[in-house]
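These are the residues of each chain, in order.
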Amino acid sequence: LPLPWPRFNASIGGGLRSGAHIVGARLKVGKTSIGLMTALHAASLGIPVLILDTEMMIKDVLPRLLASISEVEINQIERGVIVKDELKKKKVFNSIGFLEKANIFHRNVGGYEFDEIISTIRRWMYTDVGLRENGEANPMLVIYDYFKVMNAKELTNINETQALGFQVTKLVDFTKKYNFPCMAFAQLNRDGISREDSAAIGNSDRLAQLANSVSL
């Protein structure tokens, strides 16, 4: 699945392949925006997209999607001031029409154990995407925002780095079994301010080793 950024495509071998492609970034610098732009791009190609969100609800995501499509400032959409500008109002309503037709699905998975997240993908895949005769999924894209331990049960006998390692292993194995790509996100630790290698990703060893690609 080629993405709308040539340099990014070149760095990961032409686009997203089956497996997990991790993008690491510091807090509040645009991980979610990259995910939403990727979702819109895939949807424009007719590919169903599932956004698994560990933080935001659909009411928080929807204005961002509309702003990205319409190129109208998000604060104007949220405050409703677009009704005073016919051009902006038309752009936003056209964007709503696009989203109503696009196969973009959003699920808040905050607090889920990772096995529940995998089950969420599986149910959506069976219900809304479907499988080919060989058992692989029809074209689809999953966006996971973002890797973290959300349930204390995952840390009963292991540390956080090990828990994240199990998460990425389960995700990669699942994507390979059904042959679909997943763009996932991870937080950079404070090293991300001054260095540009995979060690800047929080609890990075397992994530970097097992992912198909890691981009900062």
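Procedures and definitions
Residues numbered from 1 in each chain as written. Predicted model: local features only at pLDDT ≥ 70, side-chain atom pairs only at ≥ 80, totals over all residues. Heavy atoms only, no water. Salt bridge = Lys/Arg side-chain N within 4 Å of Asp/Glu carboxyl O. Helix = DSSP H or I, 4+ residues; strand = E, 2+ residues; numbered from the N terminus. Buried < 20%, exposed > 50% of the residue type's maximum accessible area, 1.4 Å probe, protein only. Polar contact = N/O pair within 3.5 Å; in protein donor to acceptor, adjacent residues only side chain to side chain. Contact = heavy atoms within 4.5 Å. Pairing = 2+ DSSP bridges. Axes fitted to C-alpha atoms, helices over the stretch in contact; angles between N-to-C directions. Core = buried A, V, L, I, M, F, W, Y, C linked by side-chain atoms within 4.5 Å. Phe/Tyr/Trp six-rings, centres within 6.5 Å; stacked < 30°, edge-to-face > 60°. Lys NZ or Arg CZ within 6 Å of the ring centre and 35° of its normal.

Draft legend 1. Fine view of the pattern of salt bridges. Counted according to the given criterion, the structure contains three salt bridges. Lys-170 is the salt-bridge partner of Asp-115, the closest N and O atoms lying 2.8 Å from each other. Of this pair, Asp-115 sits in helix α6 (residues 114-129) while Lys-170 sits in helix α7 (residues 160-178); the two residues are 55 residues apart in sequence, bridging distant segments of the chain. Residue Lys-170 is classed as partly exposed on the basis of its relative accessible area, which comes to 36%. Residues Arg-132 and Glu-136 are paired through a salt bridge, measuring 3.6 Å at the closest nitrogen-oxygen approach. Classification of Glu-136 as partly exposed rests on a relative accessible area of 23%.

Draft legend 2. Region of the structure containing the side chain of Thr-175. Along the chain, Thr-175 turns up in helix α7. Taking relative accessible area as the criterion, Thr-175 reaches 0% and is therefore assigned buried. Looking at Thr-175, its side chain comes within polar contact range of the main-chain oxygen of Val-172, at 2.8 Å. Excluding its chain neighbours within four sequence positions, the residues that come into contact with Thr-175 are Ser-18, Gly-19, Ala-20, Phe-180 and Cys-182.

Draft legend 3. Structural context of the sheet that holds strand β2 (residues 49-53). If you walk across this open sheet you meet the six strands as β3-β2-β4-β5-β1-β6, and the pairing is parallel. At either end of the open sheet lies a strand with only one pairing partner, and these are β3 (104-108) and β6 (213-215). Between one strand axis and the next, the sheet turns by 15° as a mean value, whatever way the strands run. Strands in contact with α6 are β2, β3 and β4 (141-145); relative to β2, the strand with the most contacts, it is inclined by about 160°.

Draft legend 4. Region of interest: the nonpolar core. Core analysis: the biggest nonpolar cluster contains 30 residues, and Val-49, Ile-104, Leu-141, Ile-143 and Met-183 have the highest contact counts within it. Of all the elements in the fold, those that place two or more residues in this core are α2 (31-44), β2, α3 (58-70), α5 (86-101), β4 and β5 (181-187). Top element by residues in this core is α2. It accounts for five residues. Excluding anything up to four places from it in sequence, Ile-104 contacts Ala-39, Leu-40, Ala-43, Val-49, Ile-51 and Leu-99.

Draft legend 5. Expanded view of unusual backbone geometry. For the peptide bond that leads from Asp-145 to Tyr-146, omega is 15°, which places it in the cis range. Along the chain, Tyr-146 falls in the loop between β4 and α7.

Draft legend 6. Summary view of the packing of aromatic side chains. The final tally for this structure, using the stated rule, is seven aromatic pairs. On the basis of an interplanar angle of 55° and a centroid distance of 4.9 Å, the ring pair of Phe-174 and Tyr-178 is categorised as tilted. In this pair, Phe-174 and Tyr-178 both sit in helix α7, four residues apart, roughly one turn of the helix. Pair check on accessibility: Phe-174 and Tyr-178 agree, each one buried. Their ring planes at 75° and their centres at 5.9 Å tell us that Phe-174 and Phe-180 sit as a pair that is edge-to-face. Look at Phe-174 and you get buried, because its relative accessible area is 5%. Here a set of aromatic residues connected by ring pairs shows up, and it is made of Phe-114, Tyr-144 and Phe-147. Geometry around Tyr-146 places Lys-31 over its ring, the cationic atom sitting 5.8 Å from the centre.

Everything listed here is a matter of geometry and, on its own, says nothing about what the molecule does.
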